[in-house]
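For reference, the chains in residue letters:
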Amino acid sequence: MRGMLFNSAPFLFAFLPVVLLVFFLLGSCDYRTLAIGWLAVASLAFYGWDDPFRLLPIIGFSIVFNFVIGWMILRRPSRRLLAIGICADLLLLGYFKYAGFLAEMITAATGIVVPNPDVALPIGISFFTFTQIAFLVDASRGEAREYEPLHYMLFVTFFPHLIAGPIYHHKEIMPQFERREIYRLDISSLSVGLTWFAIGLAKKVLLADPVAQYGTPIFAAAAAGNQIGFVDGWIAVLSFTLQLYFDFSGYSDMAIGLALMIGVRLPLNFNSPYKATSLIDFWRRWHMTLSRFLRDYLYIPLGGNRKGPRRRHVNLMVTMLLGGLWHGAAWNFVIWGCIHGLGLVLNHGWRKVAEARQLAIPYPLAWAITFVFVMLAWVPFRAANLQSTLIIWKSVAGMNGLLPAQSVVAGQLAGAASWIAGLLALALFAPNTQQLMSYSGETFDRLKEPIRWPGWKWAVAAGLLFGASVVLIIAERPTEFLYFRF
Amino acid sequence: MTVRSRGWTYLAVFAACALAGGFVLAVGQMTIDNIHCRSSGYGVDDFLAYCRSKRYGDYEHGALYYGLEPAARDNIRNAQVIFLGSSRTQAGFSSKAVRAYFGKRGIRFFVLGFGYGDASPFASAILRRSGASPKILVINADPFFMDGLSPPAQEALDGHFAFLWRLGLKFLFQRVHRALCYSAPFICSESEPSIFRSAHDGQWNWIGPYVAEKAVPFDRSAQKSIAPEELEKAKDLGEKFLREVGLDRRCVVLTGAPNSDLDSVGIAEQLAAALKTSSIFPPVDGLATLDGGHLNLTSAERWSGQVVEALSPVLADCLQDIRPRRRSQ
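Predicted, not measured: the structure shown is a model, and the values here were computed from it. (Residues numbered from 1 in each chain as written. Chains lettered and ligands numbered in written order. Predicted model: local features only at pLDDT ≥ 70, side-chain atom pairs only at ≥ 80, totals over all residues. Heavy atoms only, no water.)

> Explain the sheet that holds strand E9 (residues 252-255) of chain B here, please?
Strands pair in a sheet through their backbones, by hydrogen bonds, and they do so in one of two ways: parallel or antiparallel. All names here are of chain B. Spatially, the 5 strands line up as an open sheet ordered E4-E3-E5-E9-E10, and their pairing is parallel. Both outer strands of the open sheet, strand E4 (109-113) and strand E10 (278-279), are each paired with one neighbouring strand and no more. Pairing geometry for strand E5 (residues 136-140) and E9, over 4 bridges, is parallel. Pairing of valine 138 across the sheet is with valine 253, part of E9. On the sheet, helix H10 (residues 264-275) packs against E9 and E10 and is oriented at approximately 155 degrees with respect to E9. (Pairing = 2+ DSSP bridges. Helix = DSSP H or I, 4+ residues; strand = E, 2+ residues; numbered from the N terminus. Contact = heavy atoms within 4.5 Å. Axes fitted to C-alpha atoms, helices over the stretch in contact; angles between N-to-C directions.)

Encoded structure:
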């Protein structure tokens with residue numbers, strides 16, 4: 001089950017044109033409520049594309065429940081109601097995402113066989129659950145107000161962000177739908193949105209998918225228990241590092257572009273994360289909306305850095321551990337979260353020492369340490385299990401020799417090296433999408449700036465990229481985005 | 001230029017570049033992936049019907065069904081004699097003897113068999129779609145009258161966009177491939193087995209481009225017949241097919257191309273008797289095959305020569321109403 005994909009012909013040539021056409025038609029006739037309803041219904045159709053009878057009741061229940069709780073909180077703020085709402089959301093998420101993991105853990109720890117419920121994870125549940133938890137918290141803080149069920153439904157289901165983010169706040173999206181201009185076709189917005197979308201599509205189809213062909217078989221060989229050599233190990237790690245970035249940032253660009261087509265600004269999600277020179281810096285650039293969510297709704301409520309350095313370290317570890325678990329119910333994600341938590345604790349510790357003693361790591365070394373750390377941490381994130389994680393880690397440490405008797409990518413070394421070098425250069429030296437489109441990627445507020453004219457060169461470049469991507473989509477089956485599984 | 005007109009111009013440039021970018025990449029990728037197909041068989045009327053390469057595979061099912069080779073479509077439509085069957089038909093009737101026989105008599109013919117074991121359902125579809133009105137059908141009935149479609153035939157009949165897109169690219173690729181291999185032969189390794197097909201008469205050119213000429217002797221002991229229930233079904237489907245075609249049964253000729261796998265002659269004889277059609281089974285000794293299933297070139301020349309010679313009375317009967325067209329003054 002994967003929902004409708006942005007990188008599929010039915011979405012590009014049927015769903016999107018019809019949704020935009022009807023939305024602007026209704027908008028131009030001043031049927032704004034109908035236009036919002038249309039967008040919400042279309043978003044639900046987008047979500048339930050593969051399995052409507054299973055997916056729509058789940059998201060429908062979640063929307064109705066959270067709307068009612070939110071409405072009650074807005075009428076009379078209550079910590080108890082907020083707790084009930086959050087617990088119910090986490091229970092729903094927990095049942096679908098963590099019940100099997102929990103059953104396995106109990107069985108392993110106690111020897112008592114707890115049957116695995118084996119429920120399929122509804123696509124996007126982590127994202128729409130977090131979006132609604134944020135709404136309940138914001139409502140209790142008086143930062144969000146929503147009494148219109150249709151508007152609330154659109155807030156949750158708005159199709160550009162529904163399945164894999166960016167995770168947004170009610171206050172930064174829904175006020176935009178109150179502007180009249182949103183409902184009129186703005187050709188400048190449409191052009192910029194299309195350009196942004198084309199860049200994202202090209203990142204996914206022309207960059208992420210081709211480089212995956214080198215890493216995927218090596219991770220599969222490790223999952224089958226085969227020993228991996230040094231060269232294969234590094235190809236696997238590097239190719240996945242690049243695939244994940246271009247895949248997920250491509251998805252985010254497409255989401256931002258789609259929303260821009262109707263004049264809605266979504267928050268940015270990536271800001272050249274592999275250019276980071278520290279782990280703290282990395283988390284300000286990678287999946288920025290998730291980092292913001294974890295900071296605002298977990299790290300700060302836990303006390304943040306206000307209760308001394310020791311408590312801050314504990315808070316960091318807890319936040320990253322839960323951040324890891326949010327990605328998936330498996331020990332691999334726990335390890336990934338722990339590694340990053342530990343890395344952040346060390347980074348903060350070092351920063352304090354360095355400030356006190358006026359020490360500084362040279363920029364290239366700081367970058368290299370950060371990049372290698374992040375790369376090695378992606379191994380448990382990608383590997384099928386702990387055993388294959390260890391196999392890959394051993395291989396990159398050179399513990400299995402330079403090349404095994406049979407290299408998984410034998411005969412493809414030159415191709416792999418070229419792809420990795422090219423993509424690495426793009427990730428490290430090229431400007432990111434918002435910079436290309438003349439926006440600063442540093443803050444979310446910059447997207448409130450007026451839409452800028454991208455220039456004729458972008459009409460040509462984005463058109464070429466779009467055409468080339470579409471050809472590959474038609475020729476080969478479109479592939480799922482990596483973050484769809486979370 | 002106003003903001004609005006600039007926006008529309010931007011979208012127009014975007015769309016034009018998307019089309020251009022897509023076109024260049026698609027044809028370029030197709031060319032790179034299939035550059036090793038044989039190019040030696042291209043001719044004025046010959047197209048690449050099949051290439052065993054990464055992205056080419058079968059072309060002829062879709063090309064003939066959708067009329068992508070206009071000369072072939074016209075020649076099917078205008079053919080007086082059409083040969084139907086599987087790849088055994090193509091192997092058996094792709095011969096100089098057949099060309100010479102019909103050429104001498106000024107009779108238009110088309111060999112309309114297909115690889116992948118395709119039978120009456122696809123033949124029926126293609127006859128209908130191309131508007132063919134043959135006076136004589138020669139069917140390699142071993143048993144030919146069957147249910148089901150091969151994957152390429154199914155794809156052609158489904159006509160999904162992705163299939164049509166690939167088909168269009170294969171059409172364009174041939175033009176690029178031909179020009180490239182003609183002007184820079186060193187980049188074409190000519191290593192992928194390929195089958196060329198004549199748009200003029202449908203004959204295959206495959207001995208050489210696809211398989212080497214061989215002489216595998218017949219092994220009659222290995223020949224299988226078909227189960228009685230299958231034969232009954234073939235009779236029913238045959239009745240249906242022939243009713244749909246609407247030809248006088250005397251003008252439908254069943255035959256069986258000899259091979260080691262199937263008792264084609266026996267099967268065709270039974271079907272001809274049941275369907276009350278004409279039949280031709282020339283006694284030709286010493287035939288050999290390429291692979292047990294298909295007549296080799298030498299044997300195809302001899303066997304098909306005998307078949308068309310034996311066809312003369314049927315031609316006389318069924319083409320008698322055809323008069324040469326009087327040229328308008």
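Moving on, there is more to tell.
> Looking at this model, I keep getting lost on empty space enclosed by the protein. Mind explaining?
Unfilled space is identified by rolling a water-sized probe across the atoms. Residues and elements named next belong to chain A. Tallied over the entire structure, the rule returns 5 cavities of 30 Å³ or more. Estimated volume of the largest cavity: approximately 60 Å³. Around the largest cavity, the lining residues are Lys203, Tyr245, Ser249, Ser252, Asp253, Ile256, Leu268, Asn269, Phe270, Asn432, Thr433 and Gln434. Elements represented by at least two residues in the lining of the largest cavity include exactly helix H10 (230-261) and helix H18 (433-436). With 5 residues, H10 is the single largest residue contributor to the lining of the largest cavity. By residue class, the composition of the lining of the largest cavity is 4 nonpolar, 6 polar and 2 charged. (1 Å grid on protein atoms, 1.4 Å probe; cavity = no way out; pocket = protein on both sides within 12 Å on 5 of 7 lines; lining within 4 Å. Points joined across faces, edges and corners; volume = space filled by probe spheres on them. Nonpolar A, V, L, I, M, F, W, Y, C, P; charged D, E, K, R; others polar.)

> Looking at this structure, I do not really get the layout of surface pockets. What am I missing?
Residue and element names in this part refer to chain A. Empty space within the largest pocket amounts to approximately 650 Å³. Surrounding the largest pocket, 24 residues form its lining, Ile86, Leu90, Ile133, Tyr297 and Leu298 being those nearest its centre. At the level of elements, helix H4 (79-110), helix H5 (125-140), helix H12 (288-299) and helix H13 (309-327) are the ones that each hand at least two residues to the lining of the largest pocket.

> Looking at this structure, how should I read the confidence of the model for chain B?
Note that predicted coordinates carrying low pLDDT should not be read in detail. Residue and element names in this part refer to chain B. Mean pLDDT over chain B stands at 91; residues scoring 70 or higher make up 97%. Segment residues 322-329: pLDDT under 50, and 2 contacts once partners within four positions in sequence are set aside and those in other chains are kept. Of the two predicted TM-score estimates for the complex, the pTM is 0.77 and the ipTM is 0.78. (pLDDT = per-residue confidence, 0-100.)

> Got a minute to help me understand the nonpolar core in this structure?
Most often, soluble globular proteins have nonpolar side chains that are buried together. With 158 residues, the main nonpolar core has Phe11, Phe158, Phe177, Phe197, Tyr274 and Trp378 of chain A as its most contacted residues. Element by element, the count of residues in this core is highest for helix H9 (residues 187-223) of chain A, at 20 residues. Contact partners of tyrosine 274 of chain A, with chain neighbours within four places excluded, come to Thr241, Tyr245, Phe282, Trp286, Trp367, Phe371, Val374, Trp378, Ala427 and Leu428 of chain A. Residues Val27, Cys51, Ala91 and Leu254 of chain B belong to the second largest nonpolar core, which totals 65 residues. (Core = buried A, V, L, I, M, F, W, Y, C linked by side-chain atoms within 4.5 Å. Buried < 20%, exposed > 50% of the residue type's maximum accessible area, 1.4 Å probe, protein only.)

> Teacher, can you tell me more about helix H7 (residues 151-158) of chain B here?
What sets the pattern is the α-helix's 3.6 residues per turn: residues three or four places apart point alike. All names here are of chain B. Every buried residue of H7 is listed here: Pro152, Ala153 and Ala156. In a view along the axis of H7, the buried residues occupy a sector of 100 degrees, so they form one face of it. On its buried side, H7 packs onto strand E2 (57-58), helix H2 (60-66), helix H6 (120-130) and helix H8 (161-183). Of the residues flanking the end of H7, it is glycine 159, one or two places downstream, whose phi is positive at about 65 degrees. (Arc of directions from axis to C-beta.)

> Mind showing me how you'd approach the state of the cysteines here?
Here, the word disulfide means a covalent bond between the sulfur atoms of two cysteines. All names here are of chain B. The full count for this structure, using the stated rule, is 3 disulfides over all chains. With its sulfur 2.1 Å from that of its partner, cysteine 37 forms a disulfide with cysteine 51. In this structure, the disulfide formed by cysteine 37 and cysteine 51 twists by about -95 degrees around the S-S bond and is classed as left-handed. Linking cysteine 37 in the loop between helix H1 (3-34) and strand E1 (46-51) with cysteine 51 in strand E1, this pair joins segments that are 14 residues apart in sequence. Accessibility classification places cysteine 37 together with cysteine 51 in one group, the buried group. What connects to what in chain B, once the bonded cysteines are numbered by sequence position, is 1-2, 3-4, 5-6. (Disulfide = S-S within 2.5 Å.)

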